[in-house]
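Observations on chain architecture
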Amino acid sequence: MMLEIGERPWGKYFVLADEPHYKLKRIEVNPGQKLSYQYHHKRQEQWTIIEGDATIILDDKEIKLSYGESIFIPLRSKHRIMNLSEKPVVFIEVQTGTYFGEDDIVRLEDEYDRE
């Protein structure tokens with residue numbers, strides 16, 4: 001059962017679990033798209049790629065990940081995921097911390113001019 005589906009300019013996300021101590025999402029990034037370069041004050045994230053080839057920017061370092069590979073995004077680390085390929089990228093995001101609202105996103109750079 002999906003708790004929430006969010007449509008975004010870069011693709012979409014599905015909330016699979018939303019508990020007091022963690023949030024679980026399946027995120028799909030369309031070919032050629034990227035999420036904003038952002039950080040969070042109240043949560044850290046673990047991303048595991050389940051489809052496609054992703055390019056991650058973590059604190060200005062570029063990291064390539066493919067199926068089965070994971071990356072840990074520490075609290076307040078600047079991060080983004082990009083799909084520079086022709087096929088969709090799908091990953092599972094596990095958020096841990098004290099708060100998981102969409103308003104705990106500080107965008108440093110955004111292709112779609114969101115605040």
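Residues numbered from 1 in each chain as written. Predicted model: local features only at pLDDT ≥ 70, side-chain atom pairs only at ≥ 80, totals over all residues. Heavy atoms only, no water.

Taking an unreviewed UniProt entry as the reference, the protein chain is identified by name as Mannose-6-phosphate isomerase belonging to Chryseobacterium aquaticum.

1. Section: the sheet that holds strand E3 (residues 22-29)
Strand order in the open sheet made by the six strands is E1-E2-E3-E10-E5-E8, with antiparallel pairing throughout. Whereas interior strands pair on both sides, the edge strands pair on one side only; in this sheet they are strand E1 (4-8) and strand E8 (70-73). Pairwise comparison of adjacent strand axes, ignoring direction, gives a mean angle of 20° for this sheet. As paired strands, strand E2 (residues 11-19) and E3 are joined by eight bridges and run antiparallel to one another. Paired with Lys12 across the bridge in E3 is Glu28. (Pairing = 2+ DSSP bridges. Helix = DSSP H or I, 4+ residues; strand = E, 2+ residues; numbered from the N terminus. Axes fitted to C-alpha atoms, helices over the stretch in contact; angles between N-to-C directions.)

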